[in-house]
Amino acid sequence: MSGAISRHQRIVIDLSIRILRAAMVKSSHARVDTIEVRLALRCLLGHCPDRWPLELYWDAASGTNDIGRAQGCTAAFNGVVRQLRLAGINVDTVVVETVAPPRTS
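About the thresholds
Residues numbered from 1 in each chain as written. Predicted model: local features only at pLDDT ≥ 70, side-chain atom pairs only at ≥ 80, totals over all residues. Heavy atoms only, no water. Helix = DSSP H or I, 4+ residues; strand = E, 2+ residues; numbered from the N terminus. Buried < 20%, exposed > 50% of the residue type's maximum accessible area, 1.4 Å probe, protein only. Axes fitted to C-alpha atoms, helices over the stretch in contact; angles between N-to-C directions. Parallel < 35°, antiparallel > 145°, perpendicular 65-115°, else oblique. Left-handed = near helix turned anticlockwise from the far one by under 90°. Contact = heavy atoms within 4.5 Å. Nonpolar A, V, L, I, M, F, W, Y, C, P; charged D, E, K, R; others polar. Salt bridge = Lys/Arg side-chain N within 4 Å of Asp/Glu carboxyl O. Core = buried A, V, L, I, M, F, W, Y, C linked by side-chain atoms within 4.5 Å.

Peer 1: Please explain the overall build of the protein chain as it appears in this structure.
Peer 2: The helix and strand tally for the protein chain stands at four helices and zero strands. By the burial criterion, 36% of the 105 residues in the protein chain qualify as buried.

Peer 1: Looking at this model, I keep getting lost on the packing of helix H1 (residues 7–26) against helix H4 (residues 66–86). Mind explaining?
Peer 2: In helix packing, the relevant descriptors are the interaxial angle and the interaxial distance, both defined with respect to the helix axes. With their axes 9 Å apart at the nearest point, H1 and H4 run at an angle of 160° to one another. Regarding the angle of H1 to H4, the classification is roughly antiparallel. When the axes of H1 and H4 are compared, the crossing they make is left-handed. Each of Ile13, Ile17, Leu20, Arg21 and Met24 in H1 lies in contact with H4, whose residues at this interface are Cys73, Thr74, Phe77, Val80 and Leu84. Grouping the amino acids of the contact of H1 with H4 by side-chain chemistry returns eight nonpolar, one polar and one charged.

Peer 1: Help me understand the packing of helix H3 (residues 52–61) against H4 in this model?
Peer 2: At their nearest, the axes of H3 and H4 sit 8 Å apart, and the two run at 160° to each other. Here H3 is positioned roughly antiparallel relative to H4, judged by the angle of their axes. The way H3 lies across H4 gives a crossing that is left-handed. Here H3 contributes Trp52, Pro53, Leu54, Leu56, Tyr57, Ala60 and Ala61 to the contact with H4, which in turn contributes Arg69, Gly72, Cys73, Ala76, Phe77, Gly79, Val80 and Gln83.

Peer 1: For this particular structure, what's the right way to read the environment of His29?
Peer 2: Relative to the helices and strands, His29 is located in the loop between H1 and helix H2 (35–44). With 35 residues separating them in the primary sequence, His29 and Thr64 have C-alpha atoms 9.9 Å apart. Apart from the residues lying within four places of it in its own chain, the contact partners of His29 are Asp66 and Arg69.

Peer 1: In this structure, what is going on with the pattern of salt bridges? I would like to understand it.
Peer 2: One pass over the structure, following the stated rule, counts four salt bridges. Linking Asp33 and Arg31 is a salt bridge whose minimum nitrogen-to-oxygen distance equals 2.4 Å. Look at Arg31 and you get partly exposed, because its relative accessible area is 44%.

Peer 1: What exactly am I supposed to notice about the side chain of Ser27 here?
Peer 2: Note on placement: Ser27 falls in the loop between H1 and H2. For Ser27, a relative accessible area of 0% puts it in the buried group. Not counting the four nearest positions on each side in its chain, Ser27 is found in contact with Val32, Asp66, Arg69, Ala70 and Cys73.

Peer 1: Can you walk me through the nonpolar core in this structure?
Peer 2: One broad trend across soluble globular proteins is that nonpolar side chains are buried collectively. In terms of nonpolar packing, the biggest core is built from 24 residues, with Ile17, Leu20, Leu44, Tyr57, Val80 and Leu84 touching the most fellow members. Those elements that provide at least two residues to this core are H1, H2, H3 and H4. The element that contributes the greatest number of residues to this core is H4, accounting for six residues. For Leu84, the residues in contact, after removing those within four places along its chain, are Ile13, Ile17, Leu44, His47, Cys48, Ile89 and Val91.

Set out below in structure tokens:
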């Protein structure tokens, strides 16, 4: 991806990474082929030069063996992060400030 990314895109990337990271942690004891993971992978599709880590993550997320699923999700997550860095997106600094929820009182 060339040029600077918009604030909106930074937020989408940040949320997608958070979803994938949380699913990666959960993958050691449960399948994580959820609609949230699928959407997060789809949101990152345009930012990754290669698709293979996204496809690998999805394939690993549905694995039936706990150890294999966790290893596959972890390897694929690292691949996604690497792809984003190759695209010029520093995943460590992409986190955007959170907006406080509206007051109800």
